[in-house]
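# An overview of the molecular structure
The chain contents come next:
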Amino acid sequence: MAVVEGVAAPAPKVRLRPRGVSRREQWQRRLPLLPALIYIIVVTQIPFVVTLWYSFQNYFFDIPGGAHFTGLSNYTTVFTNAAFRASLVRSVVMTASSVIVAMILGMAFALLLDRKFLGRGVVRTLIITPFLVMPAAAALVWAGPMLDPNFGLLNYLLTPFGVHHVAWLSTHALGSVIVVMIWQWTPFMTLIVLAGLQGQPADTLEAAKVDGAGALATFRELTLPHLRPYIELGILLGSIYLVNAFDAVRLMTNGGPGTATTNLPFYLYQQVNYAFDVGGAAAAGVVTVILTIIVATFALRMFARVFQFDEAAG
Amino acid sequence: MTSMSARAAPGRTRAARAARRAKTTRRAMLNAAGLVVALLALFPIFWMISTAFKPATEIYSLTPHPLPHHPTLGNFNQVINGQAAGMGLSFWTFARNSLFVTVSAVVLASALSLLAAVAVARFKFRLRTSFLIMLLIVQMIPANALVIPLFLDYRSLNLLDSLIGLIILYAGLALPISIWLLRNFVATVPRELEEAAALDGAGPVRIFWRILFPLVAPGLVAVSTFAFITAWNEFVFALTFLSTQSKYTLPIYVQYFFGRNGASWGPIMAASTLYTIPPVVFFLIVQRRMIGGLVAGSVKG
C-alpha cells in the first residue's frame, strides 16, 4: 500500500534556521521556481484566458471584421449542439475502453513476464516498442497493411472463417481506432505493473505459500492491493493522454465515417479548420476544460491519497 | 521449495519428481503463452518493417507473405530522397527539423524542471501545494483546447510558422509532469548530505552540481525520455502551425504524403520504420533508469 510521504519518511522537523527566515531569503528560495512558473503560465494559462475571451466573441476566420462580443451565445450553441455532446460521449467511450482494456492486458502480460526465463531482458525491451512507435505511424500501419479491405493482413487471416474484404475502418471504425490505442498503451501499462510486481516483498509471498494460499487467493489478497497505486498511476497517465487522442482519429478515419469516430479533440479541430468558428470552438474548448477539471478532481482525490502531497509533512 | 521438501522426505521422491514435472510443464506453458503474447504485440511492428522492404506488387498481393520475396530498398530511397512526397525536399530536412525541435525542447524542459523541482522539494513557501495542483490540472487540459488561442497568440508574435515556436511550446507541454516527477527525486536526496557539504564550506552552486545533480540524474533521464517522446511524436500543433514545407516535422511529413497519394504504403511504412528508430535508440540507452525513474518518482510503495 502506498504511504503518504510524511509517513514514509518522517521528515526531520528540526529546521536549521527555525526562526525568522528573512524576506530576502524567502525570495531567494522562490527564485528557482520562477522561470518554470512564468513559462507554464505563458504557455498554458494565458492561452486559456485568451480562449475564455474568444468564447464570448463572435469570430470567424473567414469573415472580415474581426471579433465582436456576443455574450453567452457560443455556450448556448455548444450545449444545444448534438454533435458536441456526441463527440463528448465518444471521447469518454474511447478513453475508458482503451485504458481499461490496456490495463487488464498489461496486468496479464506483466504477470507473465514477472518470472525468470531465458531472454527476459530482451523480451522486456521488445515489448515496449509499440509504445515507442510514433502514434501517427502506428495509426498508418493499422490503417493500411493491417486493416485494408483488400490486401490487409487481418482479412487474409480471417478468410478461413468466411470473412471477405471487410472494410474495418468503415464498418467498425470506432473499434478499429480503439484497438490501435490499446495496442499502443498495453506495453506502457505492462511496464508500470511490472515495476510494481518487482517491488513486492518476496517474503510475504513466500509466507502466503507456506500458509497454503492458492495462487488466485495470493493474487487477490496480496498482489492486487500492493499493485493498486501502480494501477492507478497507469490509468491516470493513460487517461490524460488518450483523452487527447487525435493522431489516430485524424489519420485512420478522419473522424468518420460520418461522425462515427469524431471525439472531442477532433471536433475542436474541425470547428477551427473547417468551420473557421473560433468563438464556437473556444466555447467548446472551455467546456471541455471544465469537464476535464471535474473529472481530474476526482482523479486528484485519488492522487492525493496515493501520491505525496506535502500537507502531511508540513 | 519443492526440492527442499523432496530432500527432507526421501521416501516420497517419486511424488516429488511428478510434482516437479508438473511444475516444469506449467512453466513451459506459461513461457509459451508469454512468447505468443510478445509475438502478437510485436507483430504489427514486424509487419511495418517487412512491408517497408516489399515491392509494390507484394504489398498489394491478395496473399500476403510474412517476409518480402524480393526485398527492396526502393521504398526507403523514395522516402529519403523525398520522391514519395513529391515536394522536392529530402527526408533529412524533416529529420533535422524534428531532431532540432525535440532536442532543444528536451534540454529546455529538463533545465527548467530541475530548477523548479529543487524549489518545490526543498523550500517551503506559501502556495506551494497550489502550484503542484496547478501542474496536474495543466497537464490535463486537452491540447486541442489550446490550439486556437495559441494559434492566435503565435500569429501576432510571428511564431506561427517557426520551429522556435514549437520548441517553446513542446518544452511547456512537458514541464508539468517533468517537475512533478523530478520533485520526488530531489525529495529522496538526504538533506544531511547537503548540510554536511554546507558545513564543509561548499557554496549553494557547488552543492547543487556536486551533490544534488548526480543523485537526481536518473530522474532527469526519465524526464528527458518523456519529453523526447512527447516532442518527437507531437502532431496537433505542428499540423496546425507549420505551413512552409521545409519546416515540417516528421509526423507532418508522413501525413502529407499519406494525404497526397494515400495508397503508397511502401514508402509510408519505410518512413514509419525510420521514425521509430530514434525513440527506440533513445529508450534503449536510458531504459533501466527510465522505468525505475518513472515509478520511483511517482509511487512510494
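Sequence order sets the numbering: in each chain, residues are counted from 1 along the sequence as written. By the order in which they are written, chains take letters starting at A while ligands take numbers starting at 1. Given that this is a predicted model, residues contribute local features only at a pLDDT of at least 70 and side-chain atom pairs are listed and counted only at 80 or more, while totals for whole chains, interfaces and linings are drawn from all residues. The basis for every side-chain value is the complete set of non-hydrogen atoms in the structure, without hydrogens or water.

## Overview of helix α8 (residues 163-188) of chain B
All names here are of chain B. Starting at the N terminus, helices and strands are each numbered in turn, a helix being any DSSP run of H or I of at least four residues and a strand any DSSP run of E of at least two. Take the number of residues in a helix, subtract one, and multiply by 1.5 Å to get its expected span. Helix length check: α8 (26 residues) gives 37 Å between terminal C-alpha atoms against 38 Å at 1.5 Å per residue, within 8%. Taken as a whole, α8 carries its principal kink of about 40° at Leu 175; the proline Pro 176 stands between one and four residues after it. Side-chain atoms alone can form a polar contact between residues adjacent in sequence; in general such a contact is a pair of N or O atoms within 3.5 Å, and within protein one must be able to donate a hydrogen while the other accepts it. For α8, the N-terminal capping position is held by Ser 162, with its side-chain oxygen 3.3 Å away from the main-chain nitrogen of Ile 164. We define the bend at each residue as the angle formed by axes fitted to the 7 residues ending at it and the 7 residues starting at it.

## A few points about the environment of Ala 83 of chain A
All names here are of chain A. Within the element layout of this structure, Ala 83 appears in helix α5 (residues 82-113). Buried means the residue's accessible area, taken with a 1.4 Å probe over protein chains only, is under 20% of the maximum for its type, while exposed means over 50%, and partly exposed covers the values in between. For Ala 83, a relative accessible area of 39% translates into the label partly exposed. It is 9.8 Å that separates the C-alpha atoms of Ala 83 and Asn 263, two residues lying 180 residues apart in sequence.

## Quick look at the layout of surface pockets
A pocket here means an open set of points on a 1 Å grid, computed over the protein atoms alone, that has protein on both sides within 12 Å along at least five of seven lines. A cavity is instead a set of points where a 1.4 Å probe fits but cannot get out; residues with an atom within 4 Å of a point line either one. Grid points are joined across faces, edges and corners, and a volume is the space filled by probe spheres set on the points. Computed from the structure, the second largest pocket encloses a volume of approximately 1,400 Å³. Forming the boundary of the second largest pocket are 25 residues, of which Asp 114, Arg 115, Leu 205 and Lys 209 of chain A together with Arg 26 of chain B lie nearest the centre. Looking at the lining of the second largest pocket, the elements with two or more residues in it are α5, α11 (173-198), α12 (202-210) and α13 (215-242) of chain A together with α2 (13-52) of chain B. Gly counts as polar in this scheme, as do all residues outside two lists: the nonpolar Ala, Val, Leu, Ile, Met, Phe, Trp, Tyr, Cys and Pro, and the charged Asp, Glu, Lys and Arg. For the lining of the second largest pocket, the class distribution of residues is ten nonpolar, six polar and nine charged.

## What about the interface of chain A and chain B?
Note: interface size is frequently given as the accessible area lost on complex formation between the parts. We call two residues in contact when some of their heavy atoms are within 4.5 Å. Each partner contributes residues to the interface: chain A has 94 residues there, and chain B has 101 residues. Summed over both partners, the accessible area lost on bringing two parts together, with a 1.4 Å probe, is the buried area. For the pair chain A and chain B, the summed buried surface comes to about 8,900 Å²; carbon and sulfur atoms form 76% of the total. Salt bridges are defined by distance alone: a side-chain nitrogen of Lys or Arg within 4 Å of a carboxyl oxygen of Asp or Glu. Between chain A and chain B we count zero salt bridges in total. Summed over the shared surface of chain A and chain B, the number is two residue pairs in polar contact (both at pLDDT 80 or more). In terms of residue count, the dominant contributor to the side of chain A that touches chain B is helix α3 (residues 33-55) of chain A (15 residues). Here the side of chain A that touches chain B is composed, by residue class, of 70 nonpolar, 13 polar and eleven charged.

## Let's talk about the domain arrangement of chain B
Residues and elements named next belong to chain B. Where each domain starts and ends follows an automatic or database-derived domain assignment. Along its sequence, chain B is organised into domain 1 (2-52) and domain 2 (87-297). Domain 1 puts four residues into the contact, and the matching count from domain 2 is six residues. Among the residues domain 1 hides against domain 2, the three largest losses belong to Met 48, Thr 51 and Ala 52. Together they make up 89% of the total. Viewed at the interface, domain 2 and domain 1 are joined by zero salt bridges. In this structure, the connection of domain 1 to domain 2 is made through zero residue pairs in polar contact (both at pLDDT 80 or more). Broken down by class, the residue content of the side of domain 1 that touches domain 2 amounts to three nonpolar, one polar and no charged.

## Examining unusual backbone geometry
All names here are of chain B. Although it is not a glycine, Asn 158 sits at a positive phi angle of roughly 65°. Position of Asn 158 among the secondary structure elements: in the loop between α7 (143-157) and α8. Overall, Asn 158 belongs to the exposed group, its relative accessible area being 69%.

## Quick look at the packing of aromatic side chains
Aromatic contacts are taken between Phe, Tyr and Trp rings whose centres are within 6.5 Å, Trp giving its six-membered ring; a plane angle under 30 degrees counts as stacked, one over 60 as edge-to-face, and the others as tilted. Under the counting rule described, the total for this entry stands at 21 aromatic pairs over all chains. Geometrically, the ring pair formed by Phe 94 of chain B and Tyr 253 of chain B is stacked, given 4.2 Å between the ring centres and 20° between the ring planes. Of this pair, Phe 94 of chain B sits in helix α5 (residues 91-122) while Tyr 253 of chain B sits in helix α12 (residues 250-260), and the two are 159 residues apart along the sequence. Members of the aromatic cluster, each reached through a chain of ring pairs, are Phe 246, Phe 266 and Tyr 269 of chain A together with Phe 235 of chain B. For a ring to carry a charge above it, either NZ of a lysine or CZ of an arginine must fall within 6 Å of the ring centroid while also lying within 35 degrees of the normal to the ring plane. For Lys 54 of chain B, the ring lying beneath its charged end belongs to Trp 47 of chain B, and the centroid distance is 4.1 Å.

## Some words on the packing of α5 of chain B against α8 of chain B
All names here are of chain B. Note on geometry: axes are lines fitted to C-alpha atoms, helical ones only across the stretch in contact, with angles between N-to-C directions running from 0 to 180 degrees. Viewed as axis vectors pointing N to C, α5 and α8 meet at an angle of 35°, and their least axial separation amounts to 6 Å. For the element pair α5 and α8, the recorded crossing hand is right-handed. Residues that form the contact of α5 with α8 fall into these classes: 24 nonpolar, four polar and two charged. Helix crossings get a hand from a simple test, with the near helix turned counterclockwise from the far one by less than a right angle marking a left-handed crossing and a clockwise turn marking a right-handed one.

## Some details on the confidence of the model for chain B
All names here are of chain B. A score from 0 to 100, pLDDT tells how confident the predictor is in each residue. When pLDDT is averaged along chain B, the result is 78, and 86% of the positions lie at 70 or above. Counting interchain partners and residues more than four positions distant, the pLDDT-below-50 stretch residues 1-9 has five contacts. Listed scores for the predicted complex are pTM 0.77 and ipTM 0.74.

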